[in-house]
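Results of the structural survey
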Amino acid sequence: MRRVAVIGPGRVGTALGMALDRAGYRIVAVAGRSRQGSDDFVRRLPSARSMAAADAARGAELVLVCVGDDALVEVVRRVAAADAVAEGSRWMHTSGGYGTDVLEPVRLAGAAVAACHPAQTFPDPDTGLAALPGTSWAVTADEGDLGWARVLVTDLRGSPVTVDAGSRTLYHAGLTVGSNATATVVTLARDLLLGAGVTDPSQFLGPLVTTSASNAASRGAAALTGPVRRGDAGTVARQLDELRTVLPEAVEAYLALSRLALRHARRAGLGDEAAAAVAAVLDN
Ligand SMILES: NC(=O)c1ccc[n+]([C@@H]2O[C@H](COP(=O)([O-])OP(=O)(O)OC[C@H]3O[C@@H](n4cnc5c(N)ncnc54)[C@H](OP(=O)(O)O)[C@@H]3O)[C@@H](O)[C@H]2O)c1
């Protein structure tokens, strides 16, 4: 399985193409939408020829579909309808939310399929490529296809973790909250520090956020600290008063996050009386 086609030469497709090339696979074809994406890909991987998706698929033993989520269904349907699926070829896509159902048209045409999502951020191909070693991948496939899918991820220097097809949306929601919601909250924290006259918020937030996030990821509610966890209702009340005056648009988020923190704090052992005092401030 060494002749590879990449459909979707964007951030992920280009990074994975380069990683497979380094691992000894031969990248023979690329299919993009705009000319520029494919040209950039070929500049990095001169063994690849730019062509239409159906032609790329026809000559490949392994097809990586790395188009955006919204294009995935249509691209797969179109290639299958063109009768371009090589018998016994292997197909994988990199979308987090979809399982293998979206690859059903190519499976029916004789391909083996897997959904392999790298739990990593790819702001551009080079940064993504550098981050691949050690990345965890969610792998969803039928029992008979898990083996090759896991080997593929290992060849990409990743760590494969099997996720059931029925759990894929919940898995993806977990990553969305963990990554995007965390970034949203840190952006709010940054605004608060700028408001307090701190010119370089990252000096404070960088180490603090990294440690808090890492502790929470491994230990859950037990890692929670701060005024809500301690039951310091007076501190929570003062912070709320200040926010209402200085940054009223932050109050709703502060309340929602504090209520969630209070639930976690109870799970972690905060007593009823202290919890009730904090709840009273939040409900005031
Ligand atoms: N970026 C990340 O951090 C990340 C991480 C994990 C997983 N993923 C997943 O990986 C997939 C790709 O994401 P990405 O960030 O690499 O997206 P991207 O940078 O926007 O790249 C998508 C590529 O697909 C091409 N494309 C779109 N429609 C097409 C079509 N009909 N036929 C052929 N090519 C088409 C685009 O071409 P044009 O540029 O010409 O439109 C572009 O080259 C998504 O499913 C995403 O959820 C992304």
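Above: the structure in question.
Residues numbered from 1 in each chain as written. Predicted model: local features only at pLDDT ≥ 70, side-chain atom pairs only at ≥ 80, totals over all residues. Heavy atoms only, no water.

**Points about helix α1 (residues 11–22)**
Our working rule: Strands here are runs of E lasting at least two residues and helices are runs of H or I lasting at least four, both read from the DSSP assignment and numbered beginning at the N terminus. Working rule for helices: expected span equals 1.5 Å times residues minus one. The rule is simple: take the accessible area with a 1.4 Å probe, protein chains only, and divide by the maximum for that residue type; under 20% is buried, over 50% is exposed, in between is partly exposed.
Counted at 1.5 Å a residue, the expected span for α1 with its 12 residues is 16 Å, and the 17 Å between its end C-alpha atoms agrees. Every buried residue of α1 is accounted for by Gly 13, Thr 14, Ala 15, Leu 16, Gly 17, Met 18, Ala 19 and Leu 20. Gly 24, located one to two residues past α1, shows a positive phi value of around 100°.

**Things to note about the sheet that holds strand β1 (residues 3–7)**
Put simply, the rule is: Whether two strands pair depends on DSSP finding at least two bridges between them.
An order of β3-β2-β1-β4-β5-β6-β7-β8 is seen for the 8 strands of this open sheet, with the pairing classed as mixed. Every other strand in the sheet has two partners, leaving β3 (49–50) and β8 (159–162) as the edge strands with one partner each. Sheet topology note: the β1/strand β4 (residues 62–65) ladder contains 4 bridges and is parallel. Bridge assignment links Ile 7 to a residue of β4, and that residue is Val 65.

**Observations concerning the pairing of strand β6 (residues 112–118)**
Taken across its 7 residues, β6 has 7 buried, putting it largely inside the fold. The alternating pattern of β6 places Ala 112, Ala 114, Cys 116 and Pro 118 and Val 113, Ala 115 and His 117 on opposite faces, both of which are buried. For strand β5 (residues 90–93) and β6, the ladder comprises 4 bridges, and the chain directions are parallel. Its bridge partner lying in β6, Trp 91 is registered against Val 113.

Geometry only, nothing functional implied.
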